[in-house]
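Letter by letter, the chains look like this.
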Amino acid sequence: MNVTERYRYVYKPLVFVAGLAPLVWLTCGAFGWFGASLGADPVKELEHECGKTALNFLLLTLAVTPVRNILGLPQLLRLRRMLGLFAFFYALIHFTIYVVLDLELNWSTLGADIAKRPYITIGFTALLLLVPLAATSTNGMMRRLGRRWTSLHRLVYVIAILGVWHFYWQVKRDVREPLLYAGILALLLLYRVVRAQAARSAARAAASARAQLTSTSRVGLSLRQSQSD
Amino acid sequence: MPTRVPRIAPSEITPPEVYFSRRTLIGGALAAGVSALAGRAEAAAGPPADAARLTYTANPGYSVSEPPNKYEEITTYNNFYEFGTYKEDPSRNARAFRTRPWSVRVDGEAEVRGDFTLEDILKGQPLEERIYRFRCVEAWSLVVPWVGFPLASLLARFKPTSRAKYVEFTTLYDPNRMPGQRVPVLEWPYVEGLRIDEAMHPLTLMVVGLYGVVLPNQDGAPLRLIVPWKYGFKGIKSIVKIRFTESQPRTTWALATPNEYGFYANVNPAVDHPRWSQATERRIGAPFFAQRRPTLPFNGYADQVAPLYQGMDLRRYF
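What you are looking at is a predicted structure, and each value in this text was computed from that prediction instead of being measured. (Residues numbered from 1 in each chain as written. Chains lettered and ligands numbered in written order. Predicted model: local features only at pLDDT ≥ 70, side-chain atom pairs only at ≥ 80, totals over all residues.)

## Points about the overall build of chain B
Line of reasoning, step 1. The number of helices and strands found in chain B is 8 helices and 13 strands.
Line of reasoning, step 2. Looking at chain B as a whole, 45% of its 318 residues qualify as buried.
Line of reasoning, step 3. Across chain B, contacts joining residues at least 24 apart in sequence account for 72% of those joining residues at least 6 apart. (Helix = DSSP H or I, 4+ residues; strand = E, 2+ residues; numbered from the N terminus. Buried ≥ 20, exposed ≤ 12 C-beta atoms within 10 Å, placed from the backbone. Contact = placed C-beta atoms within 7 Å.)

## Quick word on the overall build of chain A
Line of reasoning, step 1. Scanning chain A for helices and strands turns up 9 helices and 0 strands.
Line of reasoning, step 2. Helices and strands appear in chain A in the N-to-C order α-α-α-α-α-α-α-α-α.
Line of reasoning, step 3. Rg of the C-alpha trace for chain A: 25 Å, well past the compact-globule value of 17 Å for 229 residues, more than 25% over.
Line of reasoning, step 4. In terms of overall dimensions, chain A has C-alpha extents of about 95 × 50 × 35 Å along its principal axes.
Line of reasoning, step 5. Looking at the 229 residues of chain A, the share that counts as buried comes to 23%. (Rg over C-alpha atoms; globule rule 2.2 N^0.38 Å.)

## As for the pairing of strand S5 (residues 140-150) of chain B
Residues and elements named next belong to chain B.
Line of reasoning, step 1. Of all 11 residues in S5, 10 are buried, a share of seventy percent or more.
Line of reasoning, step 2. Two strands pair when backbone bridges link them, and strand S4 (residues 128-135) and S5 are joined in this way by 8 bridges, in the antiparallel orientation. Among the inter-strand pairings, Phe134 is bridged to a residue of S5, identified as Leu142.
Line of reasoning, step 3. Between the end of S4 and the start of S5, which pair antiparallel, lie 4 residues, with Ala139 showing a positive phi angle near 75°.
Line of reasoning, step 4. Across 2 bridges, the pairing between S5 and strand S12 (residues 280-283) is parallel. Bridge pairing links Trp140 to Arg282 in S12.
Line of reasoning, step 5. As defined by bridge partners, S5 adjoins strand S8 (residues 205-210) across 5 bridges and the pair is classed as antiparallel. Of the residues in S8, the one forming a bridge with Val147 is Gly209. (Pairing = 2+ DSSP bridges.)

## With respect to the nonpolar core
Line of reasoning, step 1. Core analysis: the biggest nonpolar cluster contains 67 residues, and Val144(B), Trp146(B), Val167(B), Met206(B), Val207(B) and Leu225(B) have the highest contact counts within it.
Line of reasoning, step 2. The element that contributes the greatest number of residues to this core is S5(B), accounting for 7 residues.
Line of reasoning, step 3. By size, the runner-up hydrophobic cluster in this structure holds 33 residues, among which are Ala87(A), Tyr98(A), Leu130(A) and Val164(A). (Core = buried A, V, L, I, M, F, W, Y, C linked by C-beta atoms within 7 Å.)

## Notes on the packing of helix H3 (residues 80-102) of chain A against helix H5 (residues 118-135) of chain A
Residue and element names in this part refer to chain A.
Line of reasoning, step 1. For the pair H3 and H5, the least separation of the axes is 10 Å and the interaxial angle reads 140°. On the basis of the axis angle, H3 is oblique to H5. Judged by the sense of rotation from one axis to the other, the crossing of H3 with H5 is left-handed. Here Gly84, Leu85, Phe88, Ala91 and Phe95 of H3 come into contact with H5, specifically with Leu127, Leu130, Leu133 and Ala134. (Axes fitted to C-alpha atoms, helices over the stretch in contact; angles between N-to-C directions. Parallel < 35°, antiparallel > 145°, perpendicular 65-115°, else oblique. Left-handed = near helix turned anticlockwise from the far one by under 90°.)

## Examining the interface of chain A and chain B
Line of reasoning, step 1. The partner chain B presents 24 residues to the 17 residues of chain A that form the contact.
Line of reasoning, step 2. Partitioning the side of chain A that touches chain B into residue classes produces 6 nonpolar, 5 polar and 6 charged. (Nonpolar A, V, L, I, M, F, W, Y, C, P; charged D, E, K, R; others polar.)

## Focus: the environment of Asp50(B)
Line of reasoning, step 1. Along the chain, Asp50(B) falls in the loop between helix H1 (16-38) and strand S1 (57-58).
Line of reasoning, step 2. Exposure remark for Asp50(B): the 6 C-beta atoms within 10 Å place this residue in the exposed category.

## Some details on the confidence of the model for chain B
Residue and element names in this part refer to chain B.
Line of reasoning, step 1. Looking at chain B, the pLDDT average stands at 90 and 86% of residues meet or exceed 70.
Line of reasoning, step 2. Here residues 15-20 is a poorly scored stretch, pLDDT under 50, and it has 6 contacts once near neighbours within four places are set aside; other chains count.
Line of reasoning, step 3. Scoring the predicted complex yields pTM 0.86 and, for the interface, ipTM 0.84. (pLDDT = per-residue confidence, 0-100.)

## Points about unusual backbone geometry
Line of reasoning, step 1. Pro101(B) follows Arg100(B) through a cis peptide bond whose omega is -5°.
Line of reasoning, step 2. The peptide bond linking Trp188(B) to Pro189(B) adopts the cis configuration, its omega dihedral lying at -5°.
Line of reasoning, step 3. Here Pro189(B) shows up in the loop between strand S6 (166-171) and strand S7 (191-195).
Line of reasoning, step 4. A positive phi angle, close to 55°, is found at Glu104(A), a residue other than glycine.
Line of reasoning, step 5. Tracing the backbone through its elements, the reader meets Glu104(A) in the loop between H3 and helix H4 (107-116).

## Overview of the sheet that holds strand S11 (residues 239-245) of chain B
All names here are of chain B.
Line of reasoning, step 1. Strand order in the open sheet formed by 5 strands is S3-S2-S11-S6-S7, with mixed pairing between adjacent strands. Two strands close off the open sheet at either side, each with one partner strand: strand S3 (114-117) and S7. The average angle at which neighbouring strand axes cross in this sheet is 20°, direction not considered.
Line of reasoning, step 2. In this structure, strand S2 (residues 103-108) lies alongside S3, joined through 4 bridges in antiparallel fashion. Bridged to Val106 within S3 is Gly114.

## A word on the environment of Leu210(B)
Residue and element names in this part refer to chain B.
Line of reasoning, step 1. Inspection of the secondary structure puts Leu210 in strand S8.
Line of reasoning, step 2. Given 27 C-beta atoms within 10 Å, Leu210 falls into the buried group.
Line of reasoning, step 3. Measuring from C-alpha to C-alpha, the distance between Leu210 and Glu109 comes to 31 Å, with 101 residues separating the pair along the chain.
Line of reasoning, step 4. Residues in contact with Leu210, not counting those within four places in the same chain, are Ile74, Val144, Pro145, Trp146, Val147, Leu215 and Asp219.

## Some points on the pairing of S8(B)
Residue and element names in this part refer to chain B.
Line of reasoning, step 1. Taken across its 6 residues, S8 has 6 buried, putting it largely inside the fold.
Line of reasoning, step 2. By the bridge criterion, 3 bridges tie S8 to strand S10 (residues 224-226) in an arrangement that is antiparallel. Note that in S10 the partner of Val207 across the bridge is Arg224.
Line of reasoning, step 3. Judged from the 2 bridges that link them, S8 and strand S9 (residues 213-214) form a sheet pairing that is antiparallel. Paired with Gly209 across the two strands is Val214, which belongs to S9.

As structure tokens, this is what we get:
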């Protein structure tokens, strides 16, 4: 198998199965299958676990670029779309559980929550922002949007910040877990800032080297000219 | 103090074993229905067979029409940060917690002060079972058959002076036995308090058990407070100190986040927590799609306690 085949027939299916594992586990817990249990408050457990799984996939999506650069695995990029789509998938389930099982389809409460509760407002915003990213995740859309695709998908940085902030803000007192997420996100974003800066200074260095080279050759030329005079 | 405490002839009181088995039957039938609906694994409604039973009388004057939660729910879904901040932490981390010997220091504006053993505290206090609603500030609720005695009859023994305007309670501070105290999520030890009239109110209960058995560690053994018209965090657990004071006690949650948690903390659907609504609550253990219910003013005890707060702005004194 060459690299393309390995990704298509082995790695991608593995990631797909792994991505569904949390859902399978939570479903077993909700129905009490195979001795799984969600504890005394299954609704909250489902809600929180789906939300955290969405954040996990969001952070994994953002980890692809650093990991492929550091480990020298350019092919890793092939897994990124699936990780991002899983983030959207779990965020959508998280929201559905909140509306259906937690609020029990009380639409007026939903409206009030989104409008009045800042942590729900930002969580909902993050979910809405994920929609265009998921919708433009196909190869056709990538081709059609060209360079604008890259700009659009930079929204993922905003989404990740909103998502972690949403987590941090709903915790009553013990913020250690959301802070861990915030720390990981900060590292992933910092990596990009540092790389962008390094790329900029490298570009500057190259430009000045080019300029120096041109002026040196010109001097050489004039020297030769003066010698021939 | 206009309160409704029904007088009940001894002949009217159902013997505990009859009452208890009846409720177990109803609870069992209900649990079966619930798990059939939700397709969930079934757990016994009552306490485990090896739990230490208490001698008590059921007090039907203090009961609710809703079915009580299962023992398992009441003992695995706990906010007791001294044993961890996740709901299932206390049931795991409090297993080895030893509650004997135990002593309670009585201090402050009272004629009788000093250290009392738990046995002293319980002496001459007939235990009764009361089924109360329990409403957490996090907008979930339970129905719990507590076993205890009125706080008023304990406090009376210490002869509070006229300067005793408040009662302050303190939880044990011992990070070796309460591992959660090694993490500074709150200012330890946990402190709670009541105005003296709230403390002396007949609804206010000193709890030593639930479901007819000795209080499990994760629920605040060996001695905890239950104030059914207030949010759950007022119900301080594992009490080692009772102090009568002239000024309002500085209570833990009110110190931690003063804009979110007040000293009074009366259950009030009209006053939201800054981050979430208090208008409704989710009843733990109820079937899916039938968990959310409106929150009642004073948690359904308004008839008995609203007069305590006459003329007070409950938005300000939340």
